[in-house]
Amino acid sequence: MSTFLVLDVKKIRLILELRESGISDSKILSAIEKIPREKFIPENFRNQAYDNLALPIGDNQTISQPFVVAKMTQLLEVESSHKVLEIGTGSGYQSAVLSKLVRRVYTIERIKNLSIKAENIFKELKISNIVTKYADGNLGWKEQIPFDRIIITAATSSISKEVASQIHDGGIIVSPMVQENKQIIVRYKKIKNVLRSEIFDDVLFVPNLSGTQ
Ligand code: SAH
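Let me sum up the structure you'll find in this document. (Residues numbered from 1 in each chain as written. Predicted model: local features only at pLDDT ≥ 70, side-chain atom pairs only at ≥ 80, totals over all residues. Heavy atoms only, no water.)

### Section: the nonpolar core
One finds L18, I32, F40, L76 and Y93 to be the most contacted residues of the largest nonpolar core, which totals 47 residues. Elements represented by at least two residues in this core include exactly α1 (3–20), α2 (26–34), β1 (55–58), α3 (66–75), α4 (93–99), α5 (112–124) and β7 (167–179). In terms of residues, this core owes the most to one element, α3, which gives six residues. Residues contacting Y93, with those up to four places away along its chain left out, are I32, I35, R37, F40, I63 and V69. With 18 residues, the next largest nonpolar core counts F147, I159, V163 and I184 among its residues. (Core = buried A, V, L, I, M, F, W, Y, C linked by side-chain atoms within 4.5 Å. Buried < 20%, exposed > 50% of the residue type's maximum accessible area, 1.4 Å probe, protein only. Helix = DSSP H or I, 4+ residues; strand = E, 2+ residues; numbered from the N terminus. Contact = heavy atoms within 4.5 Å.)

Here it is in structure tokens:
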């Protein structure tokens, strides 16, 4: 079988696996089906593009596991009119999935090389509703406030004041949080200017670091 067909079969299997693991939103499954994950992965790992695994993308970083991308997207409860901020562009895959579901995605990456690579893939895939920025994401993106949703894709022990202040009242922030030596996905809802948290699955992300590189 050609590599192309093998990837297609694996993709269908992955979608079924995600559905069985509780990803019930068909719009999210369809967005995952539309985005070619193999484009966001170094050539030598492309045959694993549709395995439910995080994979290395260079610069000591990883592309998130498809289940985690799907789960965090589902927790974000996005709507087609939404403006979303992502902190941690990495490969660009999570942004690309979100781009099929919302009006515009603003994504920040602190490693220049990764930010440039992701932007080139968005161009190649003709995705025009993602705006990239090379900066420390913990400072947020104040020129574009307020955001309807914020997704952080690097583990952190606290949400910065700047980021917490850049979400709409009624908005949602989803982030992997470090708590007692493990990482969990936390969803915060901003209600009357207070962030209320709910805890979800255990995860494993690279750390959220300050400054740029
Ligand atoms: N969403 C990515 C996951 C990438 S891993 C994907 O779909 O591939 C997390 C990324 O967050 C890494 O590239 C890391 O460099 C970046 N990161 C960590 N701390 C950051 C910060 N403070 N600001 C911006 N990016 C950050």
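That was the structure; now back to the text.
### Quick word on the layout of surface pockets
Roughly 410 Å³ of volume is contained in the largest pocket. If you trace the largest pocket, you find 31 residues lining it, with Q61, G88, T153, A154 and V206 closest to the centre. Where the lining of the largest pocket is concerned, the elements lending two or more residues are β2 (61–63), β3 (83–87), α4 and β4 (104–109). Counting residues per element, the lining of the largest pocket draws most heavily on β2, at three residues. Of the residues assigned to the lining of the largest pocket, the class counts are 15 nonpolar, twelve polar and four charged. (1 Å grid on protein atoms, 1.4 Å probe; cavity = no way out; pocket = protein on both sides within 12 Å on 5 of 7 lines; lining within 4 Å. Points joined across faces, edges and corners; volume = space filled by probe spheres on them. Nonpolar A, V, L, I, M, F, W, Y, C, P; charged D, E, K, R; others polar.)

### Here's the deal with the site of the ligand
As a structural note, the neighbourhood of the ligand is formed by 27 residues, with S91, E109, G137, N208 and L209 the closest of them. Within the contact set of the ligand, a nitrogen atom lies 2.8 Å away from a backbone nitrogen or oxygen of G137. Within the complex, 99% of the 580 Å² of free accessible area of the ligand lies under protein. With respect to the pocket detection grid, the ligand is positioned in the largest pocket. Sorting the residues of the shell around the ligand by element identifies β2, β3, α4 and β4 as the ones contributing at least two each. Looking at the shell around the ligand, its residues break down into eleven nonpolar, twelve polar and four charged. (Near = heavy atom within 4 Å. Polar contact = N/O pair within 3.5 Å; in protein donor to acceptor, adjacent residues only side chain to side chain. Areas by Shrake-Rupley, 256 points an atom, 1.4 Å probe, with all protein chains shown as cover. Sits in = over half its atoms within 2 Å of the grid points.)

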